[in-house]
Amino acid sequence: MDTYQKPEDKDLQALRDQANRLRILSIKATCASNSGHPTSCCSAAEVLSVLFFHTMKYEAADPGNANNDRFVMSKGHAAPILYAAWAEAGFLKESDLLNLRKIDCDLEGHPTPKLPFVDVATGSLGQGLGASCGIAYTGKYFDKASYRVYCLLGDGETSEGAVWEAMAFASHYNLDNLVAIIDVNRLGQSEAAPLQHQTDIYKKRCEAFGWNTYVVDGHDVAELCHALWQAAHVKGKPTAIVAKTFKGKGISGIENEDNWHGKPMPKDKMESIINEIQNQIQTNRKQCPKVPIADAPKISISNITMPSPPNYKLGDKVATRKAYGLALAKLGHANGRVIALDGDTKNSTFSEIFKKEHPDRYIECFIAEQNMVSVAMGCASRNRTVAFASTFAAFLSRAYDHIRMGAISQTNVNLCGSHCGVSIGEDGPSQMALEDLAMFRAIPTCTVFYPSDAVSTEHAVFIAANTPGVCFIRSSRPETAVLYSTDEKFEIGQAKVVRQSDSDRVTVIGAGITLHETLAAADELAKQGINIRVIDPFTIKPLDAATIVSNGKATGGHIITVEDHYKEGGIGEAVSAAVAGEPGFTVQSLSVSGVPRSGKPTELLEMFGISAKCIVEAVRSKFAN
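We now turn to the structure provided with this report. (Residues numbered from 1 in each chain as written. Predicted model: local features only at pLDDT ≥ 70, side-chain atom pairs only at ≥ 80, totals over all residues. Heavy atoms only, no water.)

### Considering the nonpolar core
Piece 1. Leu 129, Leu 341, Ile 363 and Leu 415 are the most contacted members of the largest nonpolar core, which has 81 residues in total.
Piece 2. Leu 48, Ile 81, Ala 227 and Leu 228 belong to the second largest nonpolar core, which has 54 residues in total. (Core = buried A, V, L, I, M, F, W, Y, C linked by side-chain atoms within 4.5 Å. Buried < 20%, exposed > 50% of the residue type's maximum accessible area, 1.4 Å probe, protein only.)

Written as structure tokens, this is what we have:
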């Protein structure tokens, strides 16, 4: 092991001075915007100074460089000091900082990847460490590169369970290239954090989760330098640095005082506050960041194509959840940066097929869905991987805030939710996803795929791999017939008219299991002399409004939607919105009402009015008179 060489006194003083310049810049920026969190910035000033100008290796002129050390500001409300650090590094102009939080400036109240030095958006607390785990996992196991990952957390956010999901993940996978620094400044937003300054308890908790842990004075640059040097020499474990700090450090009358969270300094006191801090600066000397080791591989993840067409025959019975696993494994052969994550449901989502064929690119996240989504986001940052994460669709609801932040992060993460709807059967309502379409339709960057057979599922997987933003693929448990030939083409926002005639009296739209029920209903109705038009939307968002409207007009404006989902936010509401401006249209929605129960899939489809028999009755009743 190398022998530690303490930095020279002049270098330590330069770091102290840079910390105080970071304080001044943060105070000026938040005063200019008349909003922000200067006291939260001030507690982290020495940490940022030591990280950016002593420890981290990066190209200041090229923040997105694949070889750079990564920094994630999990306590996103301290964004102004992050911006100040990049100004000190020379990437931003100091004058830019005065545009903080303005409508035409990308220096927003919390960091987003509109800025090239931000990998993931933060601000909804408790999520930065999970994303950092994904970045560190990618660096250690996929890139096999030298870059290291540093995550700054606030003490208040350690009350979030997601933080400890991430702690368990990092320890399990021996992420010794990851350092989490907890800024223990004692004060939360409305009152003191529960542990206040009990750094010994933070240390015990981190160690209990398998982390190498140091407690330091977070305002002592020498201690920080030493702890970060030690962290770089620890093998097989991530490192936590518990840094005791004071909120508002350096500001007389405000340091360590309540009720200053999220408040800029009073304008009439700003000059005296800045002069007080300025008087502590002894030199204008600036430390420069170290150059990174250029060993991250060059990769390409664009224009991925399947190595062969789908290999199914019309009429084959295949569950779309299994078709997902087969397609993902196949995609893994097309590009070595395709990865899969799962939450201990791989034998149900069939991601286990990917694991078997590409074991080095599969990440088991166990029963921690929030962390799984954040890890996937971290893995996908800087376009280092094409990440697919899967679990029961119902369990993605607990990760919804992480998914929401994924949209703000401009992440290209693909999520597959299996076991949707009452058609899963006997497992009962806790396992049935009946809200997921509504959830994902509400995500602004999300493409929502709802394939109805194995062929369309395979197309959904490789289209998602090439589609920017969050993608959600809804897969089903029952085995259903293959409807499409292997040469069928699929596109986002393009529905399929799977049955039609010149005498169709109503357009019925189904997806997944209900498309098959609709086709069965069409067969029965045809025997009774009633023809219906059947549409498979393929993507629920964007919805192919043009096809729905044109076919709806051909059937007199009569539309029935059938879905294995609650009415709220589902296919029926999407279709109603699509035809809202069209005169003479009526939309009847058949959907799951009320909390379901255990039972056989056929019984449940019947009970909740979405079976073939119920569709027949709905069509007949529409024309009863």
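### Quick notes on the packing of aromatic side chains
Piece 1. What the rule picks out here adds up to 21 aromatic pairs.
Piece 2. When the ring of Tyr 137 is compared with that of Phe 169, the centres are 6.1 Å apart and the planes differ by 45°; the resulting orientation is tilted. Highlighted residues: Tyr 137 in helix 5 (residues 128–142) and Phe 169 in helix 6 (residues 161–172), separated in sequence by 32 residues. The pair formed by Tyr 137 and Phe 169 is uniform in burial state, with each residue classed as buried.
Piece 3. Through pairs of rings, three or more aromatic residues link up here, namely Phe 52, Phe 53, Tyr 58, Phe 71, Tyr 83, Trp 86, Phe 91 and Phe 117.
Piece 4. Directly above the aromatic system of Tyr 147 lies the positively charged group of Arg 70, at a separation of 3.8 Å from the ring centroid.
Piece 5. Above the plane of the ring of Phe 623 lies Arg 505, whose end atom (NZ or CZ) is 4.3 Å from the centre. (Phe/Tyr/Trp six-rings, centres within 6.5 Å; stacked < 30°, edge-to-face > 60°. Helix = DSSP H or I, 4+ residues; strand = E, 2+ residues; numbered from the N terminus. Lys NZ or Arg CZ within 6 Å of the ring centre and 35° of its normal.)

### Focus: the pairing of strand 15 (residues 504–510)
Piece 1. In terms of burial, strand 15 is a largely internal element, six of the seven residues being buried.
Piece 2. Two strands pair when backbone bridges link them, and strand 15 and strand 16 (residues 531–536) are joined in this way by five bridges, in the parallel orientation. Note that in strand 16 the partner of Val 508 across the bridge is Val 534.
Piece 3. As paired elements, strand 15 and strand 18 (residues 558–566) share four bridges and run parallel to each other. Bridging across to strand 18, Ile 509 finds its partner in Thr 561. (Pairing = 2+ DSSP bridges.)

### A few points about the sheet that holds strand 9 (residues 386–392)
Pairing between the strands of a sheet is mediated by backbone hydrogen bonds and can be parallel or antiparallel.
Piece 1. Across the sheet, seven strands lie side by side as 8-7-9-10-12-11-17; this open sheet has mixed pairing. A strand with exactly one partner marks an edge of an open sheet, and here the two such strands are strand 8 (362–364) and strand 17 (539–541). Strand-to-strand twist across the sheet, computed as the mean angle between neighbouring axes with direction ignored, equals 20°.
Piece 2. In this structure, strand 9 lies alongside strand 10 (residues 413–418), joined through six bridges in parallel fashion. Among the inter-strand pairings, Thr 391 is bridged to a residue of strand 10, identified as Gly 417. (Axes fitted to C-alpha atoms, helices over the stretch in contact; angles between N-to-C directions.)

### Details of helix 5
Piece 1. Compared with the 21 Å implied by 1.5 Å per residue over 15 residues, the 20 Å span of helix 5 between its first and last C-alpha is a close match.
Piece 2. Among the 15 residues in helix 5, 13 count as buried, and that is most of the element.
Piece 3. Trailing helix 5 by a residue or two, Lys 144 shows a phi angle of about 50°, which is positive. (Expected span 1.5 Å × (residues − 1).)

### Some words on the side chain of Asn 20
Piece 1. Among the secondary structure elements, Asn 20 is positioned in helix 1 (residues 9–33).
Piece 2. Once you skip the residues sitting within four places of it in the chain, Asn 20 turns out to touch Ile 277, Gln 280 and Ile 281. (Contact = heavy atoms within 4.5 Å.)

### A look at the side chain of His 358
Piece 1. Structurally, His 358 is set in the loop between helix 12 (352–357) and strand 8.
Piece 2. If we ignore the near neighbours within four places in the chain, the residues touching His 358 are Ala 329, Gly 332 and His 333.

### Looking at empty space enclosed by the protein
Piece 1. Tallied over the entire structure, the rule returns four cavities of 30 Å³ or more.
Piece 2. Looking at the largest cavity, its volume works out to about 90 Å³.
Piece 3. Forming the boundary of the largest cavity are 13 residues, of which Asp 69, Phe 71, Trp 86, Phe 117 and Arg 382 lie nearest the centre.
Piece 4. For the lining of the largest cavity, the elements supplying multiple residues, two or more each, are strand 1 (70–73) and helix 4 (79–88).
Piece 5. Its residues assigned to classes, the lining of the largest cavity shows eight nonpolar, one polar and four charged.
Piece 6. Its volume calculated, the second largest cavity comes out at about 50 Å³.
Piece 7. Around the second largest cavity, the lining residues are Phe 71, Val 72, Met 73, Leu 82, Pro 111, Phe 117, Val 118, Asp 119, Val 120 and Thr 122.
Piece 8. With three residues, the top contributor of residues to the lining of the second largest cavity is strand 1.
Piece 9. Among the residues making up the lining of the second largest cavity, the classes are represented as eight nonpolar, one polar and one charged. (1 Å grid on protein atoms, 1.4 Å probe; cavity = no way out; pocket = protein on both sides within 12 Å on 5 of 7 lines; lining within 4 Å. Points joined across faces, edges and corners; volume = space filled by probe spheres on them. Nonpolar A, V, L, I, M, F, W, Y, C, P; charged D, E, K, R; others polar.)

### Overview of the packing of helix 13 (residues 369–380) against helix 14 (residues 400–408)
Piece 1. Taken N-terminus to C-terminus, the directions of helix 13 and helix 14 make an angle of 20°; their axes are 8 Å apart at the nearest point. Judged by the inter-axis angle, helix 13 sits roughly parallel to helix 14. For helix 13 against helix 14, the interelement crossing comes out right-handed. Residues Gln 370, Val 373, Ser 374 and Met 377 of helix 13 form the contact with helix 14, whose participating residues are His 402, Ile 403, Met 405 and Gly 406.
Piece 2. Looking at the contact of helix 13 with helix 14 residue by residue, the class counts come to four nonpolar, four polar and no charged. (Parallel < 35°, antiparallel > 145°, perpendicular 65-115°, else oblique. Left-handed = near helix turned anticlockwise from the far one by under 90°.)

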